[in-house]
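What follows is each chain in one-letter form.
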Amino acid sequence: MPDVNRRSAFLTFGAGVGAVAALHAATVSAAPTSAPGMTHIADLTQRLAAAPRRRDFTTVPFMLDRMELWDHEASALLLDYRGGPKQVWESSDIAAAWPNLIRESLNGQQFAHGNTDFLAVSATHGTAHLALFNQSIWDKYALAGNTGGRFARNDFIIVPPDVSPADDHQNVNGFYGPGNNSIISLQRRGVVMIACHDSIHAIARGLARQGSNADTIAADLTNNLIPGVVLVPSVVAYLVELQRSGFTYAKAA
């Protein structure tokens with residue numbers, strides 16, 4: 001007699017694979033096509049700024065399985081970029097030197113190697129993800145407590161006074177120097193910060209208290225990502241997509 005349990009298992013597995021394939025096909029069909037000029041970082045930055053960001057959630061699930069729950073249009077633009085070189089930094093420890101390493105890589109590519117259309121991306125997760133939330137949400141949920149006492153506020157989104165992109169790039173104390181590892185300054189130079197829903201929900205679960213709901217907290221955290229961030233379902237999964245699209249992998253922390 002046929003093994004009914006095995007047959008049922010294969011049928012169930014096949015249905016799951018079919019659902020995933022359908023989701024992938026829908027994602028590809030919805031992805032915007034590249035326009036002339038998408039080999040230049042300035043054009044990519046402009047199109048990314050115009051791409052939708054969903055930041056009006058009341059609740060979000062543990063796992064994102066629908067495109068309307070993340071920034072799939074901005075993601076498609078990023079993966080479709082034909083300029084370069086392209087580098088992705090995996091950033092996971094808020095206390096490590098990941099913004100500094102990204103700045104150094106950007107400086108070297110632009111000023112030493114002459115690659116003015118170099119694209120750097122931070123695949124941000126773990127405690128480093130806290131840097132991608134605005135100060136108001138740090139205050140609301142006392143996120144400084146998640147840093148092990150290393151940060152009292154989100155210093156990563158503060159731009160030092162009296163620095164400007166017009167500064168001499170040889171000025172150690174200027175916009176391009178080690179005293180300015182601000183995420184906001186990096187974004188102004190074309191760096192793209194990737195946010196991770198898996199990390200957001202994990203942070204939310206840690207913040208959840210009796211009478212609160214992790215899905216609701218995760219929605220609040222998502223709604224308070226800093227401007228320009230591109231939200232994806234899972235950064236560790238998205239690393240595969242970035243490398244398939246020609247990004248060189250580097251581990252920041």
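This section reports on the structure supplied with the text. Only a predicted model underlies this, so the values are computations on that prediction, with no experimental measurement involved.

## A short note on the packing of helix α3 (residues 72-79) against helix α9 (residues 235-244)
So, step 1. Relative to each other, α3 and α9 sit at 35°, their axes nearing to 10 Å. Contacts between α3 and α9 involve Ser-75, Leu-78 and Leu-79 on the former and, on the latter, Tyr-238, Glu-241 and Leu-242.
So, step 2. For the contact of α3 with α9, the per-class residue count stands at 4 nonpolar, 1 polar and 1 charged.

## With respect to the nonpolar core
So, step 1. Core analysis: the biggest nonpolar cluster contains 67 residues, and Phe-133 and Leu-221 have the highest contact counts within it.
So, step 2. Those residues within four positions of Phe-133 in sequence are excluded, and the remaining contacts are Trp-138, Leu-143, Asn-154, Ile-157, Ile-200, Ile-203, Leu-221, Asn-224, Leu-225 and Ile-226.

## Here we look at the sheet that holds strand β3 (residues 192-196)
So, step 1. Taken in spatial order, the 5 strands of this open sheet run β4-β3-β2-β1-β5, and their pairing is parallel. A strand with exactly one partner marks an edge of an open sheet, and here the two such strands are β4 (230-232) and β5 (248-251). On average, adjacent strands in this sheet sit at an angle of 25° to one another, irrespective of strand direction.
So, step 2. Against the sheet, helix α4 (residues 98-112) touches β1 (86-91), β2 (119-124) and β3, its axis set at about 170° to β1.

## Structural notes on the side chain of His-125
So, step 1. Looking at where His-125 falls in the secondary structure, it is placed in the loop between β2 and α5 (135-141).
So, step 2. Looking at His-125, the relative accessible area reads 15%, which means it is buried.
So, step 3. If near-sequence neighbours (up to four positions away) are discounted, His-125 is found in contact with Glu-90, Ser-91, Ser-92, Cys-196, Ser-199, Val-235 and Val-236.

## Observations regarding the pattern of salt bridges
So, step 1. A full pass over the atoms with the stated rule returns 10 salt bridges.
So, step 2. A salt bridge links Glu-241 to Arg-244, with the shortest nitrogen-to-oxygen separation between them at 3.4 Å. Highlighted residues: Glu-241 and Arg-244, both in helix α9, separated by 3 residues, approximately one helical turn.
So, step 3. With relative accessibility at 29%, the residue Glu-241 sits in the partly exposed group.

## What to know about the packing of helix α7 (residues 197-207) against helix α8 (residues 214-223)
So, step 1. Look at α7 against α8: their axes get within 8 Å of each other, and the N-to-C directions meet at 125°. Taken as axis vectors, α7 and α8 run oblique relative to one another. At the point where α7 passes α8, the crossing takes the right-handed sense. The residues of α8 that touch α7, namely those facing Ile-200, His-201, Ile-203, Ala-204, Arg-205 and Leu-207, are Ala-214, Asp-215, Ile-217, Ala-218, Leu-221 and Thr-222.
So, step 2. Considering only residue class, the contact of α7 with α8 consists of 8 nonpolar, 2 polar and 2 charged.

## A closer look at unusual backbone geometry
So, step 1. The omega angle of the peptide bond from Gly-84 to Pro-85 is 0°, so this bond is cis rather than trans.
So, step 2. Summarising the element assignment, Pro-85 is placed in the loop between α3 and β1.
So, step 3. Positive phi is not limited to glycine here, since Ala-142 has a value of about 50°.
So, step 4. Take Ala-142: it is sitting in the loop between α5 and α6 (183-188).
So, step 5. Positioned with a positive phi, Asp-162 is a non-glycine residue whose angle comes to about 65°.
So, step 6. Structurally, Asp-162 can be placed in the loop between α5 and α6.
So, step 7. With relative accessibility at 80%, the residue Asp-162 sits in the exposed group.

## Overview of the side chain of Arg-103
So, step 1. Relative to the helices and strands, Arg-103 is located in helix α4.
So, step 2. Although Arg-103 is buried, it makes no salt bridge; Glu-104 carries the closest opposite charge, 4.1 Å away.
So, step 3. A polar contact is formed between the side chain of Arg-103 and the side chain of Asn-181, at a distance of 2.7 Å.

Reading guide: rules and limits
Residues numbered from 1 in each chain as written. Predicted model: local features only at pLDDT ≥ 70, side-chain atom pairs only at ≥ 80, totals over all residues. Heavy atoms only, no water. Axes fitted to C-alpha atoms, helices over the stretch in contact; angles between N-to-C directions. Helix = DSSP H or I, 4+ residues; strand = E, 2+ residues; numbered from the N terminus. Contact = heavy atoms within 4.5 Å. Nonpolar A, V, L, I, M, F, W, Y, C, P; charged D, E, K, R; others polar. Core = buried A, V, L, I, M, F, W, Y, C linked by side-chain atoms within 4.5 Å. Buried < 20%, exposed > 50% of the residue type's maximum accessible area, 1.4 Å probe, protein only. Pairing = 2+ DSSP bridges. Salt bridge = Lys/Arg side-chain N within 4 Å of Asp/Glu carboxyl O. Parallel < 35°, antiparallel > 145°, perpendicular 65-115°, else oblique. Left-handed = near helix turned anticlockwise from the far one by under 90°. Lys, Arg positive; Asp, Glu negative; His and termini not counted. Polar contact = N/O pair within 3.5 Å; in protein donor to acceptor, adjacent residues only side chain to side chain.

Honestly, it's all geometry; don't read function into it.
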